[in-house]
Amino acid sequence: MAAGEVVRAGEPGEIIAEDPEHGYGAVVTASGRVSVAREYSPAVSEVPFNTVQLSRLDEALTLSARSTGLGFSVYLGDLGEDTRSRAEELHASSGENAASAVLLAVSPGQRKVEIVTGAESTRRLPDRACNLAVMSMVASFKEGDLVGGLVSGLRMLSDQAGTAKN
């Protein structure tokens, strides 16, 4: 292909040879500039949730905290070999608020869910309530609904903690 040469699209069934110097989708313009057409591939986001899902999760966390007075948080990621110990470390990082904090730690790759409660929150969230919340979350996770499972678990825990508060 020479500078300024007109290139036409191939007829149906006709095979167009690749330009050996520039490849497919390239043309040398009259000015000598090479114009190249490439397929657009959007960058893949590393965030597991879109903005709507993040909004749902934020709303559930906010409503849970307001209705119970407890501090709810969610950790999503690998928990290592000893998932319970790692979840307890993450809960302890709440500092002086750890007594009234509730952590939902989810490791999808490991298929593990841990709920850690502090000294105050454990009185309002017995093990039975936490186990029921985990079962509800796992059912949603199995259907591929990660955000729905987290929101469901938060609602169940806040309902239980709100009931125990009165």
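Here we summarise the structure given alongside this text.

Calculation notes
Residues numbered from 1 in each chain as written. Predicted model: local features only at pLDDT ≥ 70, side-chain atom pairs only at ≥ 80, totals over all residues. Heavy atoms only, no water. Helix = DSSP H or I, 4+ residues; strand = E, 2+ residues; numbered from the N terminus. Buried < 20%, exposed > 50% of the residue type's maximum accessible area, 1.4 Å probe, protein only. Contact = heavy atoms within 4.5 Å. Areas by Shrake-Rupley, 256 points an atom, 1.4 Å probe, with all protein chains shown as cover. Pairing = 2+ DSSP bridges. Right-handed = clockwise from strand over helix to strand, strands pointing away. Salt bridge = Lys/Arg side-chain N within 4 Å of Asp/Glu carboxyl O. Axes fitted to C-alpha atoms, helices over the stretch in contact; angles between N-to-C directions. Core = buried A, V, L, I, M, F, W, Y, C linked by side-chain atoms within 4.5 Å.

Attention shifts here to the overall build of the protein chain. The helix and strand tally for the protein chain stands at five helices and five strands. Scanning the protein chain from its N terminus toward the C terminus, one meets helices and strands in the order β-β-α-β-α-β-β-α-α-α. The buried share of the protein chain, taken over its 166 residues, is 32%. A sequence separation of at least 24 residues applies to 56% of the contacts in the protein chain between residues at least 6 apart. Of the roughly 10,900 Å² of accessible surface on the protein chain, 50% is carried by carbon and sulfur atoms.

It is worth spelling out the pairing of strand 3 (residues 71–76) at this point. In the sheet, strand 3 pairs with strand 4 (residues 101–107) via six bridges, with the strands oriented parallel. Across the sheet, residue Val74 finds its bridge partner in strand 4, namely Leu104. In terms of handedness, the path from strand 3 via helix 2 (residues 83–92) over to strand 4 forms a crossover that is right-handed.

Moving on to the pairing of strand 5 (residues 112–117). The pairing of strand 4 with strand 5 spans six bridges and is classified as antiparallel. Of the residues in strand 5, the one forming a bridge with Leu104 is Ile115. Taking the residues that link successive antiparallel strands as the turn, the strand 4-strand 5 hairpin has four residues, and the phi of Arg111 there is positive, at about 55°.

This part is about the pattern of salt bridges. Any two side chains of opposite charge can pair if their charged atoms end up close together. Under the criterion given, the structure shown has four salt bridges. Residue Glu114 is joined to Arg84 by a salt bridge in which the shortest nitrogen-to-oxygen separation is 3.1 Å. A residue pair is termed long-range when its members are at least 10 positions apart, and Glu114 in strand 5 and Arg84 in helix 2 qualify at 30 residues. Owing to a relative accessible area of 13%, Glu114 belongs among the buried residues under this scheme. Counted as one network, the salt bridges with shared partners bring together Arg84, Glu88 and Glu114.

Read across the sheet, three strands follow the order 3-4-5 without closing on themselves; strand pairing throughout is mixed. Every other strand in the sheet has two partners, leaving strand 3 and strand 5 as the edge strands with one partner each. Neighbouring strand axes in the sheet, compared pairwise and without regard to direction, differ in orientation by 15° on average. Across the sheet, helix 2 touches strand 3, strand 4 and strand 5, and the angle it forms with strand 5 is around 40°.

Its identity is not glycine, yet Arg111 carries a phi of approximately 55°, on the positive side. Looking at the secondary structure, you find Arg111 in the loop between strand 4 and strand 5. With a relative accessible area of 78%, Arg111 lands in the exposed category.

On to the nonpolar core. Membership of the largest hydrophobic core comes to 21 residues, with the highest contact counts inside it found for Val102, Leu104, Ile115, Leu125, Met137 and Leu157. Per-element tally for this core: the top contributor is helix 5 (residues 146–165), with six residues. Counting six residues, the second largest nonpolar core, distinct from the first, contains Leu79, Ala87, Leu103 and Ala105.

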